[in-house]
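Take a look at the letters that make up each chain.
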Amino acid sequence: QVQLVESGGGLVQPGGSLRVSCVASGSIVSIITMGWYRQAPGKQRDLVASITNRGNINYTDSVKGRFTISMDNAKNTVYLEMNTLKPEDTAIYYCYAKISRKFMRPSDYWGQGTQVTVSS
């Protein structure tokens, strides 16, 4: 089994900053990719940022220059540093990982989500 546990969401004023974290645990051989998706009320879940175990990073256009994704391979942890937050960043943020387990093909895993609310 693999578990992804997020932390760090909350309420912040426009222009503020937050950092969310996600730890992967369980029977992990290797983590191929980790990332963050978000889903606002009434909208689909969209990619925010992703990072591979080789350090390749991808951001959605709306967060470029404001958000920074990083990964600590030794701790199986991915971070999303969010700066200059806007009300439109309000959403549930879901951690995602593509993980290889022993004798199994790489599979996708999701965290339970953490709420980020940007409001004055």
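See the structure above.
On a predicted model such as this, the values are computed, not experimentally measured, just so you know.

1. Things to note about the packing of aromatic side chains
- Within the structure shown, the criterion is met by three aromatic pairs.
- Summarising the aromatic geometry, the rings of Y37 and Y96 are spaced 5.7 Å apart at their centres and angled 70° between planes, so their arrangement reads as edge-to-face. Of the two residues, Y37 sits in strand β4 (residues 30–39) while Y96 sits in strand β9 (residues 91–100), which places them 59 residues apart along the sequence.
- Residue classification places Y96 among the buried residues on the basis of a relative accessible area of 12%.
- Centre to centre, the rings of Y96 and W110 are 5.2 Å apart; their planes meet at 50°, and the pair counts as tilted. Within this pair, whereas Y96 is found in strand β9, its partner W110 is found in strand β10 (residues 107–110), the two being separated by 14 residues in sequence.

2. Topic: the sheet that holds strand β7 (residues 67–72)
- Pairing is antiparallel across the open sheet formed by four strands, whose spatial order is β1-β3-β8-β7. Taken across any chain shown, the strands that pair with only one partner, and hence form the sheet edges, are β1 (2–7) and β7. In this sheet, neighbouring strand axes are inclined to one another by 15° on average, regardless of whether the strands run parallel or antiparallel.

Cut-offs used in this document
- Residues numbered from 1 in each chain as written.
- Predicted model: local features only at pLDDT ≥ 70, side-chain atom pairs only at ≥ 80, totals over all residues.
- Heavy atoms only, no water.
- Phe/Tyr/Trp six-rings, centres within 6.5 Å; stacked < 30°, edge-to-face > 60°.
- Helix = DSSP H or I, 4+ residues; strand = E, 2+ residues; numbered from the N terminus.
- Buried < 20%, exposed > 50% of the residue type's maximum accessible area, 1.4 Å probe, protein only.
- Pairing = 2+ DSSP bridges.
- Axes fitted to C-alpha atoms, helices over the stretch in contact; angles between N-to-C directions.

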